[in-house]
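Architecture and fold: a report
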Amino acid sequence: MTFMALQGSVELGLIYAFMALGIFVSFRILNVPDLTVDGSFTLGASCSAVLTLAGYPFLGLLIGIAAGALAGLVTAFLQTKMKIQPILSGILTMTALYSVNLRIMQKRGNVSLLNIPTVFEPMKKLVGDQLAKLVLPLLLMVILISLLVLFFKTQLGMSIRATGDNEDMVRSSSINADFTKAVGLAIGNAIVGFAGALIAQYQQFSDINMGIGMVVIAMASLIIGEVLFGSRTLLQHVVAVTLGSIVYRIIIAMVLRANISQSDLKLISSVIVALALSFPVVKNKVVLSKMRKAGERDAAVK
C-alpha cells in the first residue's frame, strides 16, 4: 500500500469514526439497536451539500448535526410515546428520511460539490493541501472524544448510561427513562449527521443512497476497536472505536488493492462484523479445549 493510499484510508477512517461513535452511543451506552443511522447519515450529507453549494459550508455542518438530532428525537418519540419496538422505530424513521432527503436535494439523487469551497479550505491555507483533510478530522475527533467523555460523567450522562444498563432500576429511581433515551438517541444521531455532513464535503458530493449499509460499517468499526484495543474505561472505549474505524478502512483499502470488486464491499463488511462478533466465542472455546486436554493429561498421569 502506498503512503497516499494509507493517508486516504486514515482520513476516511477518522471521518467514519464519527459515525461509529454515534452508533456507540445508541448500541453500547443506551443498549438500543438504532437503525435510524442509514437515514440520518444521508440527512446530514444532503443538508451539508445543499448549504455548501449555496456558499455556507460551516453552516452545513451545524445543520447536519441539528437534522441528525431531530431524526433521533423522532425515533425516540416512536419508541417511548408510541411504544413501537426499537428496531421498527429506526426502520420507520430511516424509510421516511429517504423522501425527506430527496426533497432537501431538490428531488435530485446526487448533488455535486466539485470546485465548491468546503470547510477544508481554511485548513489548506494553514497546513497545505495534502494534510488539510487529515488534520481537520483529527482535531474535530479530539474535540468530540473530549466532549463525550466529559458529558457522560455528568449527572445527565450517568443517567443515560444507567438507562442502558438497567432501565427498570432507573425508572424505580424516579429518573425519566423516556427523557434519557431521547437525549441519548438525539446525541447519537447528531454525531452520525455530522459524519454525513463532513463526508459530503470531503468527497465533494452527496448521494441519496450513500447511507445504505452504514450500520454494518459502523458496527464493523465498533467491534474491531473493542476486540483489538479493549474497552475497560469510557475513554479507552471511545478511542478504541475511533482506531477500529481507521483499521477497518485500511482493511478495505487492502481488499480493493487485491482486485476485489467494489460491489462486494458490503459482503466483506458483513463478514468482518461476523468474524469480530464471533471472536470472543471462538477464543473461549479454544481456552476450554486447552483446559479439557490439560485435565485429560493430568488424569492420565494419575
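These lines cover the structure that appears in this document, whether it is placed above or below.

What counts, and where the lines are drawn
- Residues numbered from 1 in each chain as written.
- Predicted model: local features only at pLDDT ≥ 70, side-chain atom pairs only at ≥ 80, totals over all residues.
- Heavy atoms only, no water.
- Helix = DSSP H or I, 4+ residues; strand = E, 2+ residues; numbered from the N terminus.
- Expected span 1.5 Å × (residues − 1).
- Buried < 20%, exposed > 50% of the residue type's maximum accessible area, 1.4 Å probe, protein only.
- Polar contact = N/O pair within 3.5 Å; in protein donor to acceptor, adjacent residues only side chain to side chain.
- Salt bridge = Lys/Arg side-chain N within 4 Å of Asp/Glu carboxyl O.
- Contact = heavy atoms within 4.5 Å.

Moving on, we get to helix α9 (residues 177–203). Between the first and last C-alpha of α9 there are 39 Å, a value that for 27 residues agrees with the 39 Å anticipated at 1.5 Å per step. Most of α9 is tucked away: 24 of the 27 residues are buried. At the N-terminal boundary of α9, the capping side chain belongs to Asn176, with an oxygen 3.1 Å from the backbone nitrogen of Asp178.

Turning our eyes to something else, we now look at the pattern of salt bridges. Tallied over the entire structure, the rule returns six salt bridges. Here Arg28 makes a salt bridge to Glu226, at a shortest N to O gap of 2.6 Å. Linking Arg28 in helix α1 (residues 3–29) with Glu226 in helix α10 (residues 214–229), this pair joins segments that are 198 residues apart in sequence. Note on Arg28: relative accessible area 33%, which makes it partly exposed. Overall, the relative accessible area of 16% leaves Glu226 in the buried class. Its salt-bridge partner being Asp178, residue Arg171 comes within 2.9 Å of it at the nearest N-O pair. Taking relative accessible area as the criterion, Arg171 reaches 37% and is therefore assigned partly exposed. Ionic contacts of the salt-bridge type, sharing partners, join the residues Lys81, Glu167, Arg171, Asp178 and Lys181 into one network.

Right, let's talk about the environment of Leu78 for a bit. Looking at the secondary structure, you find Leu78 in helix α3 (residues 57–80). On the accessibility criterion, Leu78 (16% relative accessible area) is buried. Separated by 10 residues in the primary sequence, Leu78 and Leu88 have C-alpha atoms spaced 9.0 Å apart. Among residues more than four places away in sequence, those in contact with Leu78 are Lys83, Ile84, Ser89, Leu92 and Thr93.

Below, the discussion takes up unusual backbone geometry. Unusually for a residue other than glycine, Lys83 sits at a positive phi of about 60°. Its location among the elements puts Lys83 in the loop between α3 and α4 (86–104). In the Ramachandran plot, Lys107 falls in the positive-phi region, its phi being about 60° despite a non-glycine side chain. Looking at where Lys107 falls in the secondary structure, it is placed in the loop between α4 and β1 (110–112).

Moving on to the side chain of Ser245. Counting through the fold element by element, Ser245 comes out in helix α11 (residues 234–257). Of the residues examined, Ser245 reaches a relative accessible area of 0% and is grouped as buried. At 2.6 Å, the side chain of Ser245 and the backbone oxygen of Gly13 are in polar contact. Ignoring anything within four residues of it in the chain, the contact list for Ser245 reads Gly13, Tyr16, Ala17 and Ser221.

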